Amino acid sequence: MLKWGKENGAKYSYLAVLLNNEPALRLYSKIGYSEIYKYWYREKEKPTMTVF
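Residues numbered from 1 in each chain as written. Predicted model: local features only at pLDDT ≥ 70, side-chain atom pairs only at ≥ 80, totals over all residues. Heavy atoms only, no water.

A.B. asks: Where do I start with the overall build of the protein chain in this structure?
C.D. replies: Across its full length, the protein chain carries 2 helices and 3 strands. Looking at the 52 residues of the protein chain, the share that counts as buried comes to 19%. Expressed as a percentage of contacts within the protein chain between residues at least 6 apart in sequence, the contacts between residues at least 24 apart total 42%. Counting every atom, the protein chain has about 4,800 Å² of accessible surface; 56% of that belongs to carbon and sulfur. (Helix = DSSP H or I, 4+ residues; strand = E, 2+ residues; numbered from the N terminus. Buried < 20%, exposed > 50% of the residue type's maximum accessible area, 1.4 Å probe, protein only. Contact = heavy atoms within 4.5 Å. Areas by Shrake-Rupley, 256 points an atom, 1.4 Å probe, with all protein chains shown as cover.)

A.B. asks: I keep staring at the pattern of salt bridges and nothing clicks. Help me out?
C.D. replies: Proximity of charged atoms lets side chains of opposite charge pair with each other. For the structure shown, the criterion picks out 1 salt bridge. Among the ionic pairs, Glu35 bridges to Lys38, the shortest N-O distance being 2.9 Å. (Salt bridge = Lys/Arg side-chain N within 4 Å of Asp/Glu carboxyl O.)

A.B. asks: Please clarify how a nonpolar patch on the surface should be interpreted in this entry.
C.D. replies: Taken together, the side chains of Ile36, Tyr37 and Tyr39 present a nonpolar region at the surface, about 320 Å² in accessible area. By secondary structure assignment, the location of Ile36 is in the loop between α2 (22–30) and β2 (37–40). Here Ile36 falls in the exposed class, since its relative accessible area comes to 57%. (Patch = residues over 30% accessible without salt bridge, like charges linked within 9 Å, V, L, I, M, F, W, Y side chains within 5 Å.)

Note that all results are geometric; they support no functional claim without further evidence.
Okay, structure coming up:
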């Protein structure tokens, strides 16, 4: 999908990852994503996410 986006003019991509998903955080960091901001649900008991 990233390749298709680039071929069709996309300049940016982003994704949201749960902060407790360490394997995904490591993978996305390795391929060049970096944290932009943290997002949290406005309800109790919901996990916090980070946006790359």
